[in-house]
Amino acid sequence: MHFISHDGDGNSSHALRCRACGSSNLTPYVCASSKGMTAAFEDCEYLFHRCEDCRSLNEFSEEGSFYEKEQDTPFMNYYIDIIAGLDEMLAPIGSYVDASRSTEGKTFLELGCGFGFVVDYAAKCRGFQAAGIEPGGYGRLGQQYLGADISATLLGEGSHHDQEQFDIIFSSEVIEHIPTPKQFAATVSRHIKSEGVAIFTTPNAEFITPESPAAEAYSALFPGEHKILFSAKGLSLLLSKAGFSHLAVKQRRSSNLIAYAASSPGPIALAEAAQSGNATTYTREYLATYRHSALSRTEKISRLGLAMHYRLFKDFVNNGWADQAIDLLLEMRPSFRCEVDPGMSFTIPTQSGERTEILHEMLCLCGICLLKESILSQDHHLPYPAGSIAFGKTMGFYITTVIHQVFKPEPSTIIDSAINYLNTFIDYGMWLRSSRRADYHLEAISLIGPAVASLFLFLLKAGAAIDKKRYSFVEEPWFRVDHPVSYDEIQTHLNINRKRQEQIQPQHPSPKSPQPHPNNPFRRVIERLRK
Ligand SMILES: [Zn+2]
């Protein structure tokens, strides 16, 4: 990205008008390329103009419609496997409904609902008559997998909802894609009941400054896809012109806005009272509902069901509920085994019963997912994981956390597998980082930091030395930005932990180095794949 100085490299473009407020007082502000976070002005593909009246950012290049692009299958699989951003999707609806009274008989419509998780949540957990509109391929899949009421024809363009009005219309991360956002908002306003509310979320233009973290600013700009980034002022102006007389526009976080728009004061008072702090509770409730309905329907958990179970597993681990987490793993095991490698058969060497066995086997399966994904991505340059279950890679990471919670001390075979797994996980993260794509970079940074801390803890528990050269990247600036700890700080922290542990269990001798168990299946697979 290249920010343009005021006396600088571009001229004002008088023929263009701000999509938010209609002003022609626009100046070139930031250049971006679809290739990533390039710094050179020559690489500028998308020029964002800032409106000097409302501070919104406009991008005017001619491109095909957002809705015309059909998403590819590997990406859709990836999307299903990780169900990214579920907390953030459910929070606006959950918190608004918590603040309001009964939802019985009320209607809910989501525009640009994607796969339809929010529509499904509104129907199953909140009692709405809920529907969604999604012209892209996700909509068809969501209808098929979730059984949600999703149609493809846009509102006001022949949709079977054209004659209806709704209690809530929700549109999350959609309006910034549309070249004519005022028309879109006006259509929404015509379909809201007099006591109803429209809820929009969208990136915040004021977040895009030279001081903002570059990767996050780049993902908010999403060059080539986003036509406008609104300021709070610009969004308020646009929504009032579109016919809404009562508004509340707030920052959800620094990079994102949420707007409540209505034609009466009641819904806005509710919006002001809505607390968004319960996002994980809404998600947990939704996933638990899905889990029970999925299990009552069928013995084998579907790919989507596995993803839902994974999200719930992660939530249990984050709350320290190890027993519930292991119960979930037991439910997932047969389907996960089958999904990872239908032809595979191996036995886990086990010494101490069911919990050791299940954690060990699931960790090995996750390691195999990770290896398959690395190899497929590197050898075939696949943009997104296609050949294995994407969530397997992070599920393994959460399993290493459960291992700490369950065993005191951990069995040596599990320590060995965890070290293998975490090393592979870090290698994979480093490869993602080196691919120089902005979205990969963000993912890599969020993977590597926690994995390093966990790995060092396992190495210490195994009594193994930490190879300072191999992990020298912990001193590099990119690592320190998100994880403000140096190698020595991590060491000090872990040494304190180890001393504390030794005081609790002075009689337990640590082994000298991690000796791979000869029958460790993960080890065997690594050797097989690396030949
Ligand atoms: Zn403007």
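As the structure is a prediction and not an experimental result, all values here were calculated from the model.

Parameters and conventions
Residues numbered from 1 in each chain as written. Predicted model: local features only at pLDDT ≥ 70, side-chain atom pairs only at ≥ 80, totals over all residues. Helix = DSSP H or I, 4+ residues; strand = E, 2+ residues; numbered from the N terminus. Buried ≥ 20, exposed ≤ 12 C-beta atoms within 10 Å, placed from the backbone. Contact = placed C-beta atoms within 7 Å. Pairing = 2+ DSSP bridges. Axes fitted to C-alpha atoms, helices over the stretch in contact; angles between N-to-C directions. Parallel < 35°, antiparallel > 145°, perpendicular 65-115°, else oblique. Left-handed = near helix turned anticlockwise from the far one by under 90°. Nonpolar A, V, L, I, M, F, W, Y, C, P; charged D, E, K, R; others polar. Right-handed = clockwise from strand over helix to strand, strands pointing away. Expected span 1.5 Å × (residues − 1). Core = buried A, V, L, I, M, F, W, Y, C linked by C-beta atoms within 7 Å. pLDDT = per-residue confidence, 0-100. Arc of directions from axis to C-beta.

A. How the structure looks around the overall build of the chain. The helix and strand inventory of the chain stands at 18 helices and 12 strands. When burial is assessed residue by residue, the chain has 43% of its 531 residues classed as buried. Long-range contacts, defined here as pairs at least 24 residues apart, represent 69% of the contacts in the chain between residues at least 6 apart.

B. Geometry of the sheet that holds strand β7 (residues 150–151). The strand order β7-β6-β5-β8-β9-β12-β11 describes an open sheet built from 7 strands, whose pairing is mixed. Of all strands in the sheet, those with a lone pairing partner are β7 and β11 (246–253), marking the two edges. Alignment of strand β9 (residues 192–203) against strand β12 (residues 256–262), held across 6 bridges, turns out to be antiparallel. Along β12, the bridge assignment pairs Thr201 with Ile258.

C. Inspection of the packing of helix α2 (residues 86–99) against helix α3 (residues 117–124) at higher detail. The interhelical angle for the contact between α2 and α3, taken along N-to-C directions, is 45°, at an axis separation of 10 Å. The angle between the axes of α2 and α3 places the two elements in the oblique class. The two elements α2 and α3 meet at a crossing, and its hand is right-handed. Residues Leu86, Met89, Leu90 and Ile93 of α2 pack against Phe117, Val118, Tyr121 and Ala122 of α3. Residues that form the contact of α2 with α3 fall into these classes: 8 nonpolar, no polar and no charged.

D. Summary view of the pairing of β9. Within β9, 9 of the 12 residues are buried, leaving the element largely enclosed by the surrounding structure. Across 6 bridges, the pairing between strand β8 (residues 166–172) and β9 is parallel. Its bridge partner being in β9, Ser172 is matched across the sheet by Thr201. Following the chain from β8 across helix α5 (residues 181–190) to the adjacent parallel β9, one finds a crossover that is right-handed.

E. Layout of helix α10 (residues 303–318). With 16 residues, α10 ought to run about 22 Å at 1.5 Å a step, and its terminal C-alpha atoms sit 23 Å apart, in line with that. Of all 16 residues making up α10, 13 are buried, and the element is well covered by its neighbours. With its phi angle positive at about 75°, Gly320 sits one or two positions after the end of α10.

F. Here's a closer look at the sheet that holds strand β1 (residues 2–3). Taken together, the 5 strands give an open sheet; going across it, the order is β1-β2-β3-β4-β10, and neighbouring strands pair in antiparallel fashion. At either margin of the open sheet sits one strand with a lone partner, and together these are β1 and β10 (228–229).

G. The environment of Ser254, seen in detail. Counting through the fold element by element, Ser254 comes out in the loop between β11 and β12. Spatially, the C-alpha atom of Ser254 lies 9.9 Å from that of Ile208, the residues being 46 residues apart in sequence.

H. Layout of the pairing of β8. Where burial is concerned, most of β8 is hidden: 6 out of the 7 residues are buried. As judged from the 3 bridges shared by strand β5 (residues 107–111) and β8, these two strands associate in the parallel manner. The residue bridging Leu109 from the neighbouring strand is Ile169, located in β8.

I. Spatial organisation of the nonpolar core. With 141 residues, the main nonpolar core has Ala20, Val118 and Phe313 as its most contacted residues. Ignoring anything within four residues of it in the chain, the contact list for Val118 reads Met89, Leu90, Ile93, Glu110, Cys113 and Phe170.

J. Looking closely at unusual backbone geometry. Of note in the backbone geometry, Arg55 takes a positive phi value of approximately 70° without being a glycine. Topologically, Arg55 is positioned in the loop between β3 (46–51) and β4 (57–59). Assessed through the 20 C-beta atoms surrounding it within 10 Å, Arg55 is described here as buried. The phi dihedral of Glu173 is positive, around 55°, even though this residue is not glycine. The topology assignment puts Glu173 in the loop between β8 and α5.

K. Examining the packing of α10 against helix α13 (residues 391–406) more closely. It is at 10 Å that the axes of α10 and α13 come closest, and there the two elements cross at 30°. Judged on the interaxial angle alone, α13 and α10 are roughly parallel. The hand of the α10/α13 crossing is left-handed. Contacts between α10 and α13 involve Ala307, Tyr310, Phe313, Lys314 and Val317 on the former and, on the latter, Phe391, Met395, Tyr398, Thr401 and Val402. Partitioning the contact of α10 with α13 into residue classes produces 8 nonpolar, 1 polar and 1 charged.

L. Quick look at the confidence of the model for the chain. Confidence in the prediction for the chain averages 80 pLDDT; 75% of positions are at 70 or higher. By mean pLDDT, the top-scoring element of the chain is helix α7 (residues 232–241) (98), and the lowest-scoring one is helix α18 (residues 521–530) (52). Counted against residues more than four places away or in other chains, residues 8–12, with its pLDDT under 50, gives 6 contacts. A low-confidence stretch, residues 506–516 (pLDDT under 50), is modelled with 18 contacts involving residues beyond four sequence positions or located in other chains.

M. Representation of helix α8 (residues 265–273). When α8 is considered as a whole, its buried residues turn out to be Pro267, Leu270 and Ala271. Viewed along the axis of α8, the buried residues span an arc of 100°, placing them on a single side of the element. Residues Pro265, Glu272 and Ala273 are exposed on α8 and point more than 90 degrees away from its buried face.

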